[in-house]
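Coordinates in review
The chain contents come next:
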Amino acid sequence: MQLGNTKKSRMKQSLYKGNGEGWGAAGTSCLNEFIAEDPGHEVSSTGYSKGTKMLSRASKWALALALIIPLFPVKPLHAATEPVIELKKEEIITAGAVLKSYVWKTERSGKPVTVNANVVQVDLQNPYVKVDVMTGTGGQFTKKQTIMGMAKETGAVAAVNGDFYNTQYEGVPVGPQISNGQLMATPPYLPGFYTFGITKDRKPVVELFTLDTNSKIIAKDGASYTLGGINKTAYWYEPSKVHSMIDGLYMYTSAWAQVSRANDGVTSPTEVLVLNNVVREIANGVIDRIAPDNGYILRASGKAAEFVQQHLKVGQSIKAEYNVFPVDRTLTYDYKSFQMMIGGHTILVEGGAPAVFSRNISDVSGNSARSRTAIGYSQDERYVYLITADNSGDSKGLTLPELQKLMIQVGVWKGINLDGGGSTQMVSRPFGETNVELVNALETGSERKVVNGVGVYSLAPKGQVKGLTVEGPDILFIGENAAYTLSGYDEYYNPVEPEEIKAVWSAEPALQLSGENTFTAAQKGKANITVKAGLAEQTKAVEIVGSEGIAELKIAAYPPVLREGENVSLTVTAKTKSGVTRQLPSGLLSWEVRGIKGTVKENVLHVDSTQGSQQALLIARYNGFSTMTALTVGETRLFADFDKLRYRITFESTEGVAGKAYMSNEPPYSGRPFAHLSYDFSQGAGTKAAYAVIGDKNVTVPGEPQAMMIDVNGDESLNWLRAEFIDGDGDTNRVDLAKSVNWKGWKTITADLTSHHMTYPVKLTRIYVASVEEGQDERELKGIIQFDNIKFQYKGQVPALPRNQVVLTINKPVIQVNGVKQNVDQAPLIVEGNTLVPIRLVTEALGGAVEWDAAEQRITIFRGQQMMEFWIGQKDYLADGTRKTAEVSPELRGERTMVPLRVLTEYLGWKVIWDEKTWTVALE
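The text that follows walks through the structure, step by step, so that each part is easy to find. Everything numeric here is computed off the predicted structure, so don't read it as measured data.

1. Thoughts on the pairing of strand β72 (residues 896–900)
Burial analysis of β72 places four of its five residues in the buried class, the great majority of the element. Relative to β72, strand β65 (residues 834–838) is paired through three bridges, and the arrangement is antiparallel. Each bridged residue has a counterpart across the sheet, and for Leu836 the counterpart in β72 is Pro900. Sheet analysis places strand β71 (residues 891–893) next to β72, joined by three bridges and oriented antiparallel. Its bridge partner lying in β72, Glu891 is registered against Met898. The turn joining β71 and β72, which pair antiparallel and follow one another in sequence, is formed by two residues; a positive phi near 65° is taken by Gly894.

Here's what the structure looks like:
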């Protein structure tokens, strides 16, 4: 949940209103009145401001009023029963940190609700882990970044999002921040904003913190002026609604990455550049640079600007004094005692019970179920809990009163609310892996860039290998070579780089070690691969499959039509009897091409010549198992070449995108008309797209196209090029033409349509360029795509099979084809209730062909686009690459092969007519 509002005028009425989890003015506070109504900026002749004295009085009031900051009542849950929490999974992240995944169940309005929650639990007693604050990009404010990005940049093994921020301003946290012991931002003068911190002696703290009201800038002549804060954006004091920059003096360090510093138009700045505690530049306006590491920039306005003009001189020394400490002055620590500190919102849990809210929770959608982020610690101060709860899909989010209950159930003794809603993000490194991954389900579906986050870091040294994971196929085919990879973790549960693992590999005899980590499947069966390294030993079971273990082989071809001189990519997928599906490596296959002249190499068919054929049969064989697919010689038809402006081209886009779709004959493309699609993605948000609309979205593509061809002049923009179709069911189908337009100049693109399973007829509605939200900074924002010659490929016509009628009589050596009888040397017969027929005689009579392999005792039948294979004495047979089982096996009678009639008729589609009286079988 971000903070802010698109209208700055509303900011004067409420501190911040969020388009996610916003927050606003809440109640009154005597402390705030003292601070807000007169921040104390009049300079006295002694060099100390009257306001400083007044703020000293305010700080005394602060001590007295620390416990009467406005408190807000808890809205009841109205739950029929107490919520139940169930731990679903627990995984080690690193030594001292674990990820726990929960399902939290309750009732709302009498209906059951479940919420998915994730908790990173960190053990502060473990010296090998620490918790710290991550900041934007490069450790700087104003350069927001996703939590995933921050974690990867800083090396965090887990992280959640952090403080609230104003979405309309620079992108800096509302609260204080200490990272790695360094103060990066001070608290605002606002009531009720709690802070989480960890001291340098590893003790967690949740308290209200404030900037010491005696913080000041001291000139060489002894005059001083109150320092309003460090690295703060503009805000409004509560309840006075006075703008924080009016008469204010603020410090900006190198952590502030923008030249503009809190310039929202309410005040005009006077700025001072300080290097090594010496004034180097004074400007009546903005100093056009970022503060250096050895200095800072002061921003002054109103009375503070007068102080600068009267008391600061270039070349003179200057002194800054400031401190951050708890509002409760009975607590003695200050900011220098903290390793990390991050601001939040209201307190949620205190003493292991729901706390009375310290701010109005309606300003953070507290009574609505949203995604939430929170942080807290255990009663014994040993554990820190980073918590997220999801509002996505079946997970229904939490109200703040519900979040209080969840936090207590997971172990929180004292804790606070962090930014939530669309900002809620948690990443964690899976056990044994090297990179973090997103853990929670995002409320908006995308990772929001935020100002800071809380990261978990491993401090452990490299240890001995404790555990190993062997990655590689569980199924191998006879003759296959496979390389297995290794990952591992050490005794501190951190990943070990594979190249650092000194492993010894071995395997059982069915697998032959052919390289350091490469094995060859020598024979069918089961075998174990064993690897040893350090303290670890791991075994991986592998099944080696021959033809007996395969249930199915299928060929996929792209494109699914043939053209002379072109290539067809082939993929052969095997399904084992155990149900595992894998692609077969090309080196294990032998190929046969029938009907055309062509060759297959590494699973690519090159069509040399179609030789006048209308189709080709492609047969793939592995270890005695065969499959076949039939491809027709394709027909290509021109759909649109734009020469005669047959189809009107118009422009559409997503919101904010500019561009134009038109036709012209600009050179150098043959001087004839073609289509242009220009686009400008510099405006708009999210995924952006520019569309060239084809003929008012009402142009039907004739027939049943199998593939689309289009000439495209690329702009090397790396954007996505797609075509949109509406099919016969009214469904929208988006076809990828190019996932990345990474070329310049004209080229022909072919896109498969069959994989979309569209219902014909189809309409081509739009050609468009798109840029998805993620990674937009890596792609061009402006460009132009040109296209021409839209064509579609169709299957060719396959000659019809002969419709002969064949009549057989059981136990009589006669066959009748289309009424003509002829004597044969083997009569049909019945075996175990199944009719066996002479396969060659019957198949050839019905327009098929039979081949016999004496060595394999195998019979192969070809008819049209179908292939069947039988083996003498085996009940299993193959029908277009699918293993099936007959009731009886084929057998030899004399010199004739007899095959069960039922399997032929079931698969080849012959109609069978049985005459009980005459014992005749008619096939047609």
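2. Topic: the nonpolar core
One recurring pattern in soluble globular proteins: nonpolar side chains tend to sit buried together. Ranked by internal contacts, the top residues of the largest apolar core, which has 71 residues, are Leu298, Leu312, Ile318, Leu348, Ile387 and Met407. Considering each element in turn, this core owes the most residues, five residues, to helix α6 (residues 400–410). Each residue touching Ile318, except ones within four places of it in the same chain, is listed here: Ile217, Ile218, Val274, Asn277, Val278, Val279, Tyr296, Leu298 and Leu312. Core analysis: the next-biggest nonpolar cluster, separate from the first, contains 39 residues, Ile649, Val699, Val712 and Met758 among them.

3. A closer look at the sheet that holds strand β22 (residues 372–377)
Spatial strand order, β1-β2-β3-β23-β22-β26-β20-β21: eight strands in an open sheet with antiparallel pairing. Of all the strands in the sheet, just β1 (84–94) and β21 (353–354) have a single pairing partner and so form its edges. Examined bridge by bridge, β22 and strand β23 (residues 383–389) share six bridges and lie antiparallel to one another. Paired with Arg372 across the two strands is Ala389, which belongs to β23.

4. Details of the packing of aromatic side chains
Per the stated rule, a full pass over the model turns up 21 aromatic pairs. Ring plane angle 85° and centroid distance 5.6 Å describe the contact between Phe209 and Phe338, whose orientation is recorded as edge-to-face. Taken as a pair, Phe209 in strand β9 (residues 204–211) and Phe338 in strand β19 (residues 338–343) lie far apart in primary sequence, 129 residues in all. The class for Phe209 is buried, based on a relative accessible area of 7%. Members of the aromatic cluster, each reached through a chain of ring pairs, are Phe209, Tyr333 and Phe338. Its guanidinium or amino end placed over the ring of Tyr457, Lys130 lies 5.8 Å from that ring's centre, counting from NZ or CZ.

5. Quick notes on the layout of surface pockets
Estimated volume of the largest pocket: approximately 630 Å³. In terms of lining residues, the largest pocket is bounded by 15 residues, among which Thr146, Lys449, Glu773, Glu774 and Gly775 are the most central. Considering only residue class, the lining of the largest pocket consists of three nonpolar, six polar and six charged.

6. Side note on the side chain of Thr905
By the element assignment, Thr905 lies in helix α8 (residues 901–908). By relative accessible area, which is 13% here, Thr905 ends up buried. Contact partners of Thr905, with chain neighbours within four places excluded, come to Trp910, Val912 and Leu923.

Parameters at a glance
Residues numbered from 1 in each chain as written. Predicted model: local features only at pLDDT ≥ 70, side-chain atom pairs only at ≥ 80, totals over all residues. Heavy atoms only, no water. Buried < 20%, exposed > 50% of the residue type's maximum accessible area, 1.4 Å probe, protein only. Helix = DSSP H or I, 4+ residues; strand = E, 2+ residues; numbered from the N terminus. Pairing = 2+ DSSP bridges. Core = buried A, V, L, I, M, F, W, Y, C linked by side-chain atoms within 4.5 Å. Contact = heavy atoms within 4.5 Å. Phe/Tyr/Trp six-rings, centres within 6.5 Å; stacked < 30°, edge-to-face > 60°. Lys NZ or Arg CZ within 6 Å of the ring centre and 35° of its normal. 1 Å grid on protein atoms, 1.4 Å probe; cavity = no way out; pocket = protein on both sides within 12 Å on 5 of 7 lines; lining within 4 Å. Points joined across faces, edges and corners; volume = space filled by probe spheres on them. Nonpolar A, V, L, I, M, F, W, Y, C, P; charged D, E, K, R; others polar.

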